[in-house]
Amino acid sequence: MRTPEATDRVQLVFSLFDADGNGFLEADDFELMGSRVVAAAPAADDAAKQALLASFRRYWTTLVTELDANGDGKISPEEFEACVLSPERFEATIDEFARALSAIGDPEGDGFVNRPDFVALMTAIGFRRPNIEALFEAFGPVAGDRIPVATWAEGIRDYYRPEKAGIAGDHLTASGGR
């Protein structure tokens, strides 16, 4: 069963990915988003950057393959919600995205993402600073003001689960999220 929170989360993501604000997702939106996020991680190695860009491309490819029946290269908000909140159609794509995004936040390779890197990446995506800070706190930072990469990756996966409510990711939609 789809929760209202899941719908809110996905609507927010759509608005952030719609980089040109035309009301549709297109391949260029994902290239632009990927470039912005990679630019926010200057200390990451090239392999992590390429993995993140590849995950954004796969995200787009999954959407267009699953949904673009008329071949116009555009995905509407309704189409996006239907696909993204269907784990059987989108789970592998989200898993790749979660691994790549959380890993690029760990340039030291120690298994942790520090707050400044987390904030920079989430800001590059387009989330609001207070929501980013609330999410980081919800992940339970450990000594050194860091969160485990695995915690963030799991949080990303949860964000896209249609049955989830009351999760850390819900902090991103509080008060408009953007």
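Given the structure is predicted, the values throughout are model-derived calculations rather than measurements.

Novice: Which parts of the structure should I look at to understand helix α6 (residues 115-125)?
Specialist: Three- or four-residue spacings in an α-helix give side chains the same orientation, since the helix completes a turn every 3.6 residues. Within α6, burial applies to Arg-115, Phe-118, Val-119, Leu-121, Met-122, Ala-124 and Ile-125. Between the side-chain oxygen of the N-cap and the backbone nitrogen of Asp-117 there are 2.9 Å, and the N-cap of α6 in question is Asn-114. Looking at the residues trailing α6, positive phi occurs at Gly-126, about 125°.

Novice: Sorry, what's going on with helix α8 (residues 149-159) here?
Specialist: Residues of α8 that are buried include every one of Val-149, Trp-152, Ala-153, Gly-155, Ile-156, Asp-158 and Tyr-159, and no others. Packed against the buried residues of α8 are α1 (4-17), α5 (87-104), β1 (112-114), α6 and β2 (146-148).

Novice: Is there a simple way to think about the packing of helix α2 (residues 27-39) against helix α3 (residues 46-67) in this case?
Specialist: What describes two packed helices is the angle between their axes and the distance between those same axes. Running from N to C, α2 and α3 point in directions that differ by 160°, and their axes come no closer than 9 Å. One element, α2, and the other, α3, form an angle in the roughly antiparallel class. The hand of the α2/α3 crossing is right-handed. Every residue of α3 that contacts α2 at Ala-27, Phe-30, Glu-31, Met-33, Gly-34, Ser-35, Val-37 and Val-38 is listed here: Lys-49, Leu-52, Leu-53, Phe-56, Arg-57, Tyr-59, Trp-60 and Leu-63. The residue inventory of the contact of α2 with α3, partitioned by class, reads eleven nonpolar, two polar and three charged.

Novice: How should I be thinking about the environment of Ser-15 in this particular structure?
Specialist: With respect to the helices and strands, the residue Ser-15 is situated in helix α1. Here Ser-15 falls in the partly exposed class, since its relative accessible area comes to 23%.

Rules of the game
Residues numbered from 1 in each chain as written. Predicted model: local features only at pLDDT ≥ 70, side-chain atom pairs only at ≥ 80, totals over all residues. Heavy atoms only, no water. Buried < 20%, exposed > 50% of the residue type's maximum accessible area, 1.4 Å probe, protein only. Helix = DSSP H or I, 4+ residues; strand = E, 2+ residues; numbered from the N terminus. Polar contact = N/O pair within 3.5 Å; in protein donor to acceptor, adjacent residues only side chain to side chain. Contact = heavy atoms within 4.5 Å. Axes fitted to C-alpha atoms, helices over the stretch in contact; angles between N-to-C directions. Parallel < 35°, antiparallel > 145°, perpendicular 65-115°, else oblique. Left-handed = near helix turned anticlockwise from the far one by under 90°. Nonpolar A, V, L, I, M, F, W, Y, C, P; charged D, E, K, R; others polar.

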